[in-house]
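Analysis of the macromolecular model
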Amino acid sequence: MIADLRGLHELTGGPEGARRVCWTEEWERGRRFLRERLEELPVQVEVDSAGNLWAVLAGRSSETVVVGSHTDSVPHGGWLDGALGVFAALEVLRVTVAAGEPERTVALVDWADEEGARFGRSLLGSSAFAGSLEPTEVRGLRDADGVALADALAEHGVDVDAMGGAGEGRRDRLAAYLELHIEQGPVLEAEGLPCAAVVGTFGVERWRALFRGHAAHAGSTPMETRSDAGVAAARTIASLPAVARRYGGVCTAGRADFSPGIATAVPGAADVLIDQRHLDRAGLADMLQTARRLAIESAEAGACTFEAEAIWRIDPVRFHPGLVGAALGACAAETRVARELPSGALHDASELARVVPTAMVFASSIDGISHSPVEDTPERDLEQAIRAFGRLARTVIADGVP
């Protein structure tokens, strides 16, 4: 399996990182690499109306255990993000075939456009499958070159208006969804652990803080008469770490734009892009409310106005307790340590948990780095995580959801 991952990286990666941005030729090349390996197995391969690739191994029961992740990447991405889960699913198919007809049907899935790197809408294929995608919300999206999402998808045989039917005829047969992924964070490495069970994914509140003051000359305007939107924005940004610590979540100001944006003018306007995440719905709501209250106070202190603009949100997702317990046991069997942790990043599992019992296993990440050419996991940790995930998958395929 690790050899397959390295082969994919040699084909669609290199020193500058993975190049499998979804809806591009490099992404299709990676999928052809996957299909070539699936041709060695007695599976039925098809692509659904959202562009998700499925490989189904029939079992004694039509009740289906789905294993997978995504092969698309961010530009200059890492060799493990997403691909680890897809090729772990391939290995589950191989082992299951070798063991004889399985008790339950097993399906590998490669979700389309998990990253949202080209058009900005993450979890596209999995949300279409789960029934949470509204085509009208994405039809008008365009990439950096002005290409419409609908046109790009059409080139790959996907009709945006038909994406919502991706789960029809398949969702009602699902018994469980299991995903292996790298942590993309520093916790496991810091604790010296190769893998862990994931209890769920953080909810997200992504919004823009808009401050409006009065542009003025930087040299001739006295400090006491200024209405400096930049200072109001800076005060708000500086308050976010304390908000995160107070409620046990995370807060990030990822971008700040000042206008007119020159050294010789007091900023008359400032826009700040803020991302807040928490595993608990109430905690997420409290963080949002507190951050906006502090933004209002910062604006008032600087004689500015404030407006909040919502961009995107998703509720926290808790995974199935029985499957999380099974994942915990599988990791403990391989490592002799039972560790569970939440995921600050979103995954396709976040969408699948809406419609089917779901669980994830994390493998450690060196320095917590992901979405980067230097993304990596020690090979011994990788092997243990793969074995733990395989143990989990075999258990659920044989015995069902605990």
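Description of the structure in this document. (Residues numbered from 1 in each chain as written. Predicted model: local features only at pLDDT ≥ 70, side-chain atom pairs only at ≥ 80, totals over all residues. Heavy atoms only, no water.)

1. Comments concerning unusual backbone geometry
- The omega torsion of the bond from Ser259 to Pro260 falls at 10°, within 30 degrees of zero and hence cis.
- With respect to the helices and strands, Pro260 occurs in the loop between β9 (250-259) and β10 (265-266).
- Phi at Ala303 is positive, roughly 55°, even though this residue is not glycine.
- Summarising the element assignment, Ala303 is placed in the loop between α9 (281-301) and β12 (305-314).
- Judged by its relative accessible area of 53%, Ala303 is exposed.
- Phi at Asp367 is positive, roughly 60°, even though this residue is not glycine.
- Mapped onto the elements of the fold, Asp367 is located in the loop between β15 (358-363) and α12 (379-399). (Helix = DSSP H or I, 4+ residues; strand = E, 2+ residues; numbered from the N terminus. Buried < 20%, exposed > 50% of the residue type's maximum accessible area, 1.4 Å probe, protein only.)

2. Description of α12
- For α12, with 21 residues, the first-to-last C-alpha span of 30 Å sits near the 30 Å given by 1.5 Å per residue.
- Buried residues of α12: Asp381, Leu382, Gln384, Ala385, Ile386, Ala388, Phe389, Gly390, Leu392, Ala393, Val396 and Ile397, and no others.
- Remark: Gly400 follows α12 within two positions and exhibits a positive phi of approximately 85°. (Expected span 1.5 Å × (residues − 1).)

3. Observations concerning the sheet that holds β9
- Here 4 strands make up an open sheet; going across it, the order is β9-β11-β7-β12 and the pairing antiparallel. Each edge of the open sheet is held by one strand with a lone partner, namely β9 and β12. In this sheet, adjacent strand axes meet at a mean angle of 15° when their direction is disregarded.
- With 9 bridges connecting them, β9 and strand β11 (residues 269-278) associate as antiparallel partners. Across the sheet, Thr252 pairs through a bridge with Asp275, a residue of β11.
- Against the sheet, helix α8 (residues 229-247) makes contact with β7 (203-212), β9 and β11, and its axis sits at roughly 175° relative to β9, the strand it touches most. (Pairing = 2+ DSSP bridges. Axes fitted to C-alpha atoms, helices over the stretch in contact; angles between N-to-C directions. Contact = heavy atoms within 4.5 Å.)

4. Considerations on the packing of aromatic side chains
- Evaluation of the coordinates by the stated rule reveals 7 aromatic pairs.
- By the ring-pair criterion, three or more aromatic residues cluster together here, those being Trp54, Trp111, Phe129 and Tyr177.
- It is Arg292 that lies over the ring of Trp207; its NZ or CZ is 4.8 Å from the centre. (Phe/Tyr/Trp six-rings, centres within 6.5 Å; stacked < 30°, edge-to-face > 60°. Lys NZ or Arg CZ within 6 Å of the ring centre and 35° of its normal.)

5. Quick word on the environment of Arg118
- If you trace the backbone, Arg118 turns up in the loop between β4 (104-110) and α4 (124-130).
- With a relative accessible area of 23%, Arg118 lands in the partly exposed category.
- Once the C-alpha coordinates of Arg118 and Arg391 are considered, the two residues, 273 residues apart in sequence, prove to be 35 Å apart.
- Each residue touching Arg118, except ones within four places of it in the same chain, is listed here: Val21, Cys22, Trp23, Thr24, Asp143, Val147 and Ala152.

6. Overview of the pattern of salt bridges
- Tallied over the entire structure, the rule returns 27 salt bridges.
- The partner of Arg6 in a salt bridge is Glu379, and the shortest N-O contact between them spans 3.1 Å. Linking Arg6 in helix α1 (residues 2-12) with Glu379 in helix α12, this pair joins segments that are 373 residues apart in sequence.
- A residue is classified by how much of its surface remains accessible, and Glu379, at 39% relative accessible area, is partly exposed.
- Measuring nitrogen to oxygen at the nearest pair gives 3.3 Å for the salt bridge that ties Glu103 to Arg60. Here Arg60 lies in the loop between β2 (53-57) and β3 (61-69) and Glu103 lies in the loop between α3 (83-99) and β4, a separation of 43 residues in the sequence.
- Using a relative accessible area of 35% as the deciding quantity, one classes Glu103 as partly exposed.
- On the basis of relative accessible area, Arg60 is assigned to the exposed category, the value being 52%.
- Each member of the salt-bridge network shares a partner with another, and the members are Asp4, Glu36, Arg37, Glu91 and Arg94. (Salt bridge = Lys/Arg side-chain N within 4 Å of Asp/Glu carboxyl O.)

7. Considerations on the pairing of strand β1 (residues 44-47)
- Summarising the sheet, β1 and β2 pair through 4 bridges and their orientation is antiparallel. Bridged to Val47 within β2 is Leu53.
- Here β1 hands over to β2 after 5 residues, with Gly51 in that stretch at a positive phi of 90°.

8. What about the layout of surface pockets?
- Size it by volume and the largest pocket reaches roughly 1000 Å³.
- In this structure, the largest pocket is lined by 37 residues; those nearest its centre are Ser122, Arg206, Arg277, Trp312 and Leu346.
- Residue assignment for the lining of the largest pocket shows that the elements contributing at least two residues are α5 (135-138), β7, β11 and β12.
- Counting residues per element, the lining of the largest pocket draws most heavily on β12, at 4 residues.
- In terms of residue class, the lining of the largest pocket is built from 14 nonpolar, 10 polar and 13 charged.
- Quantified by volume, the second largest pocket comes out at close to 270 Å³.
- Along its surface, the second largest pocket is lined by 14 residues, and Met1, Glu91, Glu383, Ile386 and Arg387 are the ones closest to its centre.
- Listing elements by their share of the lining of the second largest pocket, those giving two or more residues are α3 and α12.
- Of the residues assigned to the lining of the second largest pocket, the class counts are 7 nonpolar, 1 polar and 6 charged. (1 Å grid on protein atoms, 1.4 Å probe; cavity = no way out; pocket = protein on both sides within 12 Å on 5 of 7 lines; lining within 4 Å. Points joined across faces, edges and corners; volume = space filled by probe spheres on them. Nonpolar A, V, L, I, M, F, W, Y, C, P; charged D, E, K, R; others polar.)

9. Quick notes on the nonpolar core
- Counting 50 residues, the largest nonpolar core has Leu38, Leu84, Phe87, Leu93, Leu108 and Leu178 as its most contacted members.
- Other than its neighbours up to four places away in sequence, Leu178 contacts Val65, Val66, Val67, Gly68, Leu323, Ala359, Phe389, Leu392, Ala393 and Val396.
- Of all hydrophobic cores here, the second largest spans 41 residues; its members include Phe119, Leu153, Val198 and Val199. (Core = buried A, V, L, I, M, F, W, Y, C linked by side-chain atoms within 4.5 Å.)

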